[in-house]
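Summary of the model geometry
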Amino acid sequence: MAATTFVEEDVILERSVAIPMRDGVLLYADVWRPAADQTMPVLVSRTPYGRDMLQMGLLGAPPSDLVRAGYAVVYQDSRGRFESEGEWAPIGVEVDDGYDTVEWAAAQPWSNGRVGMFGASYMGYTQWLAAIARPPHLVAIAPEVASAEYWGTWFGTGGALRLAHRVAWAAAVGASHARRIGAPEPELEELLDVQARIVAVLAGGEVLAERNRRMAEMVEPLFRYRPLRENPLLAKIAPWMAGSLARERRDDPYFVELDHRSHYRKLDLPAFHVGGWYDINVNGTIANFVGMRAHAATDEARRAQRLIIGPWPHWTPQISVVGDIDFGPNAVLDLEPLRREWFGHWLQDRPAPMLDAAPIRIFVMGENIWRDEWEWPLARTEWSSWYLHSGGNANTSDGDGLLDQQPPSEESVDTFVYDPRDPVPTRGGRLLGVGGAVAGAFDQRDVETRDDVLVYTSEPLSRPTEITGPVTVELWASTSAPDTDFTAKLVEVHADGRAINLCDGIVRARAFAPTPLAPGAAYRFTIELWEISALVAAGNRLRLEISSSNYPHFEPNSNCGKPVGTDTDADIQPASQTVFHDTIHASRLILPVIPAPDPITE
């Protein structure tokens, strides 16, 4: 395929430039550079989604503006995607290809040999995977909403399959692959159209409620199909998916090899990390910052880590309304000047005020302000335990579940029946907007009417309480099943009755306990609800929801103990669940409370 060249005033665009990889495969890219004969640093972004998407301004300034700011820009299709040759599989192909692309960019006659990488989500992963190969000309990266390791993008930190994310994503990228090889799937053509509308939304268009309804209709049959590994449509258009489902153990060699956390000590690389409190990858974004801040190869690299976390879902720093909550005009952040400042320093030797400021900038929800911090978790954190109590009837928000700071005495257990055929529906949280489930902060009151949701609520808080840092639940529970899940959700109950989710988590028993579980035996499960920063107003209440499902965010556990994606409809069985809260089994919520600053006195 021959490259074509276009000249627009002072900018040259070369389309379909062939970049050779070490094995002879050609990956295709679009290259923007000045029309003048000069050398300059290069910005690279690598994507499986088609490089036309990158040119819509989703990564900030249009490429022509970056050229006029003194950069050459390379947008490349990943191996086996769109124009690029070869066979694609998620993540694994990106290490060597990333290295080869960076070094190709550095060697071009219009390059001065200094290369930076940028992009969000998967384009953030491609930066980290190139980095672990340590290309000598990679100077700095700016990964946004990117995870710290790829196992967690499939199974979360608790071991349960992220059903909505992984299946809908596989369908979307698989549909474009089917179109590429000339065998489009008619039932997925509309999915591609919906996906294009999502891109338009991210680029600044209007949010279309209809797209969520249609997406749900299209992917719901895929979510419900059992056994998932044998779904004929996914097997055809995403043949790599069954292999990924088979690697549900965190210590699987494939995921361990690609876990860039184990490479921090070798990386002499400044990184600009951006995430959102309602983003599916927020824990990974923070982990990357913390890991590089502590373990990068040099003092300069450790100091050269910067982190910004806003109130946003995945990849949406341009919005202030997140679900049912408007966080105000302060929530909207124009990242482009910060990206320019970042790469201007590392690639063009310009001053960068951000490097003289605190390394962390967080948005405190509820107070709706930005605040600078110097470490994570915050050194002034007071770890506060809130214990579960009831008289044995904590089911629904009308039950007798109580949350307070007094350890329990001898108390009755709470019980519910978890039926995988009727899972608790997802209402916001940290997920991608697929399958009718949308990320963000939403009223949970309809969920709390279900008998399979235990609800523990505090008295109204006497003073504003800031929760900033990682949230954890230690849950003592038993089940009648050989394997099951338990979920936890932290909710702020407003004075007007709205119950707004702050953060949530899930644990799959077999990921952390020997299975089959002994029927009726009490186990202590640690459920990570990830990080948050929120000021809970005085008069509002804290609430903790406990259940066993969150669908379609997570795959409903069939309770049979079979490997993920292999269970059939016949394997599904209800489970009788018991939650303990007594002197021996003190189930509790652990909150990172930030003390209010001392009042200023003259």
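Above this note sits the structure.
A brief structural summary. It should be emphasised that the depicted structure is a prediction, and the values quoted were computed from it without experimental measurement. (Residues numbered from 1 in each chain as written. Predicted model: local features only at pLDDT ≥ 70, side-chain atom pairs only at ≥ 80, totals over all residues. Heavy atoms only, no water.)

1. Description of the pairing of strand S17 (residues 454–457)
For clarity, the threshold we go by: Relative accessibility under 20% of the residue-type maximum defines a buried residue, over 50% an exposed one, and the middle range a partly exposed one, all with a 1.4 Å probe and only protein chains included. Secondary structure elements follow DSSP: runs of H or I of four or more residues count as helices, runs of E of two or more count as strands, with numbering from the N terminus. Strand pairing is assigned whenever DSSP detects at least two bridges linking the two strands.
The two faces of S17 match: Leu-454 and Tyr-456 on one face and Val-455 and Thr-457 on the other face are all buried. Across four bridges, the pairing between S17 and strand S22 (residues 541–547) is antiparallel. What sits directly across from Tyr-456, in S22, is Leu-544.

2. Re unusual backbone geometry
Trp-376 connects to Pro-377 through a cis peptide bond whose omega is -10°. Between Thr-515 and Pro-516 the backbone carries a cis peptide bond, its omega angle lying at 5°. Its place among the elements puts Pro-516 in the loop between helix H15 (509–512) and strand S21 (523–536). Within the chain, Val-145 stands out as a residue other than glycine whose phi angle is a positive 40°. A positive phi angle, near 60°, is found at Asn-368, a position not held by glycine. One can find Asn-368 in the loop between strand S12 (360–364) and strand S13 (369–373).

3. Quick notes on the packing of aromatic side chains
For any pair of aromatic rings, geometry is given as the distance between the ring centres together with the angle between the planes. Let me state the cut-off plainly: Two rings belonging to Phe, Tyr or Trp (six-membered ring only in the last case) form a pair when the distance between their centres is within 6.5 Å. Interplanar angles under 30 degrees mark stacking, angles over 60 mark edge-to-face geometry, and anything in between is tilted.
Inspection of the entire model under this criterion finds 24 aromatic pairs. Ring plane angle 65° and centroid distance 5.8 Å describe the contact between Trp-342 and Trp-346, whose orientation is recorded as edge-to-face. One end of the pair, Trp-342, and the other, Trp-346, are both in helix H14 (residues 336–348), four residues apart, so they sit about a helical turn from each other. This pair shows no difference in class: Trp-342 is buried, exactly as Trp-346 is. Ring geometry for Tyr-523 against Phe-525: centres 6.1 Å apart, planes inclined by 40°, an arrangement best described as tilted. Under the relative-accessibility criterion, Phe-525 is labelled buried at 4%.

4. Some details on the sheet that holds strand S8 (residues 271–276)
The line we're drawing: Between the N-to-C directions of two axes lies an angle of 0 to 180 degrees, each axis being a line fitted to C-alpha atoms and, for a helix, fitted only over the stretch in contact. Whether two residues are in contact is decided by their heavy atoms: any pair within 4.5 Å suffices.
Overall, mixed pairing links the 11 strands, which are arranged S1-S2-S3-S5-S4-S6-S7-S8-S9-S12-S13 in an open sheet. Looking along the sheet, the strands with just one partner apiece sit at the ends: strand S1 (4–8) and S13. Ignoring strand direction, the axes of neighbouring strands in this sheet form an average angle of 20°. Relative to S13, S12 runs antiparallel, the two being bridged by five bridges. Across the sheet, residue Arg-361 finds its bridge partner in S13, namely Asp-372. Relative to the sheet, helix H4 (residues 122–132) contacts strand S4 (40–47), strand S6 (111–120), strand S7 (138–144) and S8, its axis offset from that of S6 by approximately 135°. Strand contacts of helix H12 (residues 282–295): S8, strand S9 (305–310) and S12, with the helix running at about 160° to S9, the strand carrying the most contacts.

5. Description of helix H3 (residues 94–107)
To keep things clear, this is the line we draw: What a helix should span is 1.5 Å times the count of its residues minus one.
Between its first and last C-alpha, H3 extends 20 Å over 14 residues, near the 20 Å set by a 1.5 Å rise per residue. In terms of burial, H3 is largely enclosed, as 11 of its 14 residues are buried. Burial in H3 covers these residues: Glu-94, Val-95, Asp-97, Gly-98, Asp-100, Thr-101, Val-102, Glu-103, Trp-104, Ala-105 and Ala-106.

6. Some words on the pattern of salt bridges
Rules: Here, a salt bridge means any Lys or Arg side-chain nitrogen found within 4 Å of an Asp or Glu carboxyl oxygen.
Inspection of the entire model under this criterion finds 39 salt bridges. For Arg-22, the salt bridge is made with Asp-96, and the minimal N-O distance between the two is 3.6 Å. Taken together, the residues span a long stretch of sequence, with Arg-22 in the loop between strand S2 (11–20) and strand S3 (26–34) and Asp-96 in helix H3 at a distance of 74 residues. According to the relative accessible area criterion, Arg-22 is exposed, its value standing at 52%. Its relative accessible area of 39% is what places Asp-96 among the partly exposed residues. Ionic pairing is found between Arg-371 and Glu-373, a salt bridge with its closest N-O pair at 2.7 Å. Side by side, Arg-371 and Glu-373 carry an identical accessibility label, which is buried. It is possible to trace a salt-bridge network through shared partners that takes in Arg-15, Asp-30, Arg-51, Asp-77 and Glu-83.

7. Some thoughts on the environment of Leu-529
Position of Leu-529 relative to the elements: it lies in strand S21. Linking Leu-529 and Thr-157, residues 372 residues apart in sequence, is a C-alpha distance of 9.2 Å. Ignoring sequence-local partners within four residues, the contact set of Leu-529 consists of Arg-430, Val-471, Val-473, Ala-488, Lys-489, Leu-490, Cys-503, Asp-504 and Gly-505.

8. Quick word on the pairing of S9
The element S9 is largely enclosed, with a buried count of six among its six residues. The alternating pattern of S9 places Gln-305, Leu-307 and Ile-309 and Arg-306, Ile-308 and Gly-310 on opposite faces, both of which are buried. Looking at chain direction, S8 and S9 are connected through six bridges and run parallel. Among the inter-strand pairings, Phe-272 is bridged to a residue of S9, identified as Arg-306. As judged from the three bridges shared by S9 and S12, these two strands associate in the parallel manner. Each residue of the ladder has a partner; that of Leu-307, found in S12, is Ile-360.

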